[in-house]
Amino acid sequence: MSQTQPENPMKSRMEQAKEMKDEEKLYKRDGVLYSSILSPPETLDKLKDLEAREDDVILVAYPKCGFNWMVGVLRKIMNASTGKNEAPPDRPPLVEFLPPDVQQKLSEMPPRRLLGSHLHPDNMPASFFTKKPKILVVFRNPKDTLVSYFHFMNKNPVLPSAEPWDKFFSEFLAGEVPWGCYFDHALAWEKRIDDPNVMIVMYEELKQNLPMEVKKISEFFSFPLTQEQVNSVAEQSTFNAMLENSNKSHSNMGSIFFRKGEVGDWKNHFSEAQSKEMDEIFRSKLAGTKLGAQMKYDIYCQ
Ligand code: A3P
């Protein structure tokens, strides 16, 4: 074994991205854009072999809906429940970022594994559904998700710049962004909303009452926590607490992942016409659905 510490895999991929032209950073597969560096075809091909376990902790979110927030919450819940204080691994738990050899080694990981994905459910490893692990899905209102995505693409060297705003606005609505269309993802989860192995939580509700949501999440995954532990996880998972710790948890990407953490920042970005355009799409796709109701669009997007 080498004496030297292996280079952080995410850092070296960031370096690789700096050498690339914007137009090389994404590629299309079955109509959906993916990062050429983080999710090359061989990585996505290999996902079909991934064997989920019934006791896996699966976290799913469309990009910018609060994935990293929930990774932090879940790791803290798991540590509190096992009494261990496991250091976070050096890469995010997104399965579509794991090169084939790393995916292969997942079978050696002791239970319970935390696995995540931004993929549309149809493109996830089939065993995420056949083995019936519990799946936590995070959603966020589409207006703030779009704003967060815009800033993220402009700051993340792995992804092309999203400028100008009006162009990105149209691309988001058309699903011409990495991982595809927000509304397609939402409609796919709407179909699974009554599955007892699926729990959908909303970013805005997490902001509103984090301790209550932490309790719900820990119970869903059968991690018994005392009220004191629930409160402590919530206190360590506020935006400010996570931003402060982000140098450790996300190295130089900390301030990129933990940008503002607010509800309603869309009001600082959307024109009147853009707001109406999004309302129209929401009405045609999600109004009258259970997930649409859970989003409380009229409160958070009007
Ligand atoms: P903003 O860009 O609006 O600030 P993801 O992790 O899925 O990429 O989502 C990132 C978004 O979640 C960012 O939104 C980020 O600030 C927000 N976020 C991260 N941690 C948070 C926390 N503890 N509380 C509230 N928002 C948080």
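Every value quoted in this text rests on a predicted model; they were computed, and no experiment measured them. (Residues numbered from 1 in each chain as written. Predicted model: local features only at pLDDT ≥ 70, side-chain atom pairs only at ≥ 80, totals over all residues. Heavy atoms only, no water.)

**Thoughts on the environment of tryptophan 165**
- Tracing the chain through its elements places tryptophan 165 in helix α7 (residues 165–174).
- A sequence separation of 99 residues divides tryptophan 165 from glycine 66, and the C-alpha atoms of the two residues are 22 Å apart. (Helix = DSSP H or I, 4+ residues; strand = E, 2+ residues; numbered from the N terminus.)

**Re helix α15 (residues 272–285)**
- With 14 residues, α15 should reach 20 Å at 1.5 Å per residue; the first-to-last C-alpha distance of 20 Å fits that figure.
- Along α15, the residues classified as buried are Gln274, Ser275, Met278, Asp279, Ile281 and Phe282. On an axial view of α15, the arc spanned by its buried residues comes to 165 degrees, and they lie on one face. Facing away from the buried side of α15, by more than 90 degrees, are the exposed residues Glu272, Ala273, Lys276, Arg283 and Ser284.
- Looking at the buried side of α15, the elements it contacts are α6 (142–155), α7, α8 (182–190), α16 (290–295) and α17 (297–300). (Expected span 1.5 Å × (residues − 1). Buried < 20%, exposed > 50% of the residue type's maximum accessible area, 1.4 Å probe, protein only. Arc of directions from axis to C-beta. Contact = heavy atoms within 4.5 Å.)

**Quick notes on the nonpolar core**
- In this structure, Phe139, Phe172, Trp189 and Ile217 are the most contacted members of the largest nonpolar core, which totals 98 residues.
- With eight residues, the single largest contributor to this core is helix α3 (residues 67–82). (Core = buried A, V, L, I, M, F, W, Y, C linked by side-chain atoms within 4.5 Å.)

**Notes on unusual backbone geometry**
- A cis amide bond links proline 111 with the next residue in sequence, arginine 112, at an omega value of -10 degrees.
- By secondary structure assignment, the location of arginine 112 is in the loop between α4 (100–105) and β4 (114–117).
- Positive phi is not limited to glycine here, since lysine 64 has a value of about 75 degrees.
- Turning to its location among the elements, lysine 64 is positioned in the loop between β3 (57–61) and α3.

**Topic: the site of the ligand**
- Residues in contact with the ligand amount to 19 residues; listed here are only the nearest, Lys64, Ser148, Tyr203, Lys260 and Gly261.
- At 3.3 Å from an oxygen atom of the ligand is found a main-chain nitrogen or oxygen belonging to cysteine 65.
- Within the side chain of asparagine 68, one N or O atom sits 2.8 Å away from an oxygen atom of the ligand.
- At the level of secondary structure, the elements contributing two or more residues to the shell around the ligand comprise α3, α9 (203–208) and α12 (239–244).
- When residues in the shell around the ligand are grouped by element, the largest group, three residues, is from α3.
- Looking at the shell around the ligand residue by residue, the classes come out as eight nonpolar, six polar and five charged. (Near = heavy atom within 4 Å. Polar contact = N/O pair within 3.5 Å; in protein donor to acceptor, adjacent residues only side chain to side chain. Nonpolar A, V, L, I, M, F, W, Y, C, P; charged D, E, K, R; others polar.)

**A few points about the environment of serine 284**
- Here serine 284 is to be found in helix α15.
- With a relative accessible area of 57%, serine 284 lands in the exposed category.
- Expressed as a C-alpha distance, the spacing of serine 284 and glutamine 229, which sit 55 residues apart in the sequence, is 42 Å.
- From its side chain, serine 284 meets the backbone oxygen of isoleucine 281 in a polar contact 3.0 Å long.

**Section: the packing of aromatic side chains**
- Under the definition given, this model contains 22 aromatic pairs.
- With a centroid separation of 6.3 Å and 50 degrees between ring planes, the pair formed by phenylalanine 168 and phenylalanine 172 is classed as tilted. You can see phenylalanine 168 and its partner phenylalanine 172 sitting in helix α7, four residues apart, about one turn around the helix.
- Its relative accessible area of 1% is what places phenylalanine 168 among the buried residues.
- Looking at phenylalanine 172, the relative accessible area reads 0%, which means it is buried.
- One aromatic cluster is present, built from ring pairs that chain together Tyr62, Phe139, Tyr149, Phe150, Trp165, Phe168, Phe169, Phe172, Tyr182, Phe183, Trp266 and Phe270.
- In this structure, arginine 140 is placed above the aromatic ring of tyrosine 203, and the distance from its NZ or CZ to the ring centre is 3.9 Å. (Phe/Tyr/Trp six-rings, centres within 6.5 Å; stacked < 30°, edge-to-face > 60°. Lys NZ or Arg CZ within 6 Å of the ring centre and 35° of its normal.)

**Structural notes on α7**
- Taken as a whole, α7 has its buried residues at Trp165, Phe168, Phe169, Phe172 and Leu173. Projection of α7 onto a plane perpendicular to its axis shows the buried side chains occupying an angular sector of 135 degrees, all on one side. Away from its buried face, by an angle of more than 90 degrees, α7 presents the exposed residues Asp166 and Ala174.
- Where α7 is buried, its residues contact α6, α8 and α15.
- Glycine 175, located one to two residues past α7, shows a positive phi value of around 75 degrees.

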